[in-house]
Amino acid sequence: MTDTTRLYATDLPKAEWRKSSFSDAGEQCVEIADVRSSCGFIAVRDSKRPAGPAIAFTQAALTAFLPHATREQASTA
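**Section: the sheet that holds strand E1 (residues 18-19)**
Move 1: As summarised here, the arrangement of the four strands in space is E1-E2-E3-E4, forming an open sheet in which the pairing is antiparallel. In the strand order of this sheet, the two ends are held by E1 and strand E4 (54-57), each with one partner.

**Brief notes about the nonpolar core**
Move 1: Counting 10 residues, the largest nonpolar core consists of Leu-7, Ala-9, Leu-12, Ala-15, Trp-17, Ala-33, Val-35, Phe-41, Ala-43 and Ala-54.
Move 2: Ignoring anything within four residues of it in the chain, the contact list for Leu-12 reads Thr-2, Leu-7, Trp-17, Cys-39, Phe-41 and Ala-43.

**Observations regarding the pattern of salt bridges**
Move 1: This model, assessed by the stated rule, comprises three salt bridges.
Move 2: For Lys-48, the salt bridge identified is with Asp-46, shortest N-O distance 3.1 Å.
Move 3: With relative accessibility at 46%, the residue Lys-48 sits in the partly exposed group.
Move 4: For Asp-46, a relative accessible area of 26% gives the class partly exposed.

**Side note on the confidence of the model for the chain**
Move 1: The pLDDT averaged across the chain works out to 85; a share of 82% of its residues lies at or above 70.
Move 2: Looking across the chain, the model is least confident in helix H2 (residues 71-76), with a mean pLDDT of 56, and most confident in E4, with 95.

What counts, and at which threshold
Residues numbered from 1 in each chain as written. Predicted model: local features only at pLDDT ≥ 70, side-chain atom pairs only at ≥ 80, totals over all residues. Heavy atoms only, no water. Pairing = 2+ DSSP bridges. Helix = DSSP H or I, 4+ residues; strand = E, 2+ residues; numbered from the N terminus. Core = buried A, V, L, I, M, F, W, Y, C linked by side-chain atoms within 4.5 Å. Buried < 20%, exposed > 50% of the residue type's maximum accessible area, 1.4 Å probe, protein only. Contact = heavy atoms within 4.5 Å. Salt bridge = Lys/Arg side-chain N within 4 Å of Asp/Glu carboxyl O. pLDDT = per-residue confidence, 0-100.

Here you go:
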């Protein structure tokens with residue numbers, strides 16, 4: 001089992017990372033990899049640091065988090 005307390009993108013060599021279709025050429029992009037079948041979670045990483053840390057989300061946690069990660073929400077924080 002993958003240790004999600006110290007997770008790095010390099011710990012997921014078979015992950016297929018995808019960038020959002022809403023991403024532009026800006027520097028505030030993240031990538032997502034659905035590794036539920038092999039690891040039981042969905043991973044998110046900073047696209048500027050592909051070998052850097054990643055965050056592991058359950059489906060429920062990611063679903064709850066996403067509405068708070070929109071541009072409108074982020075600008076008011």
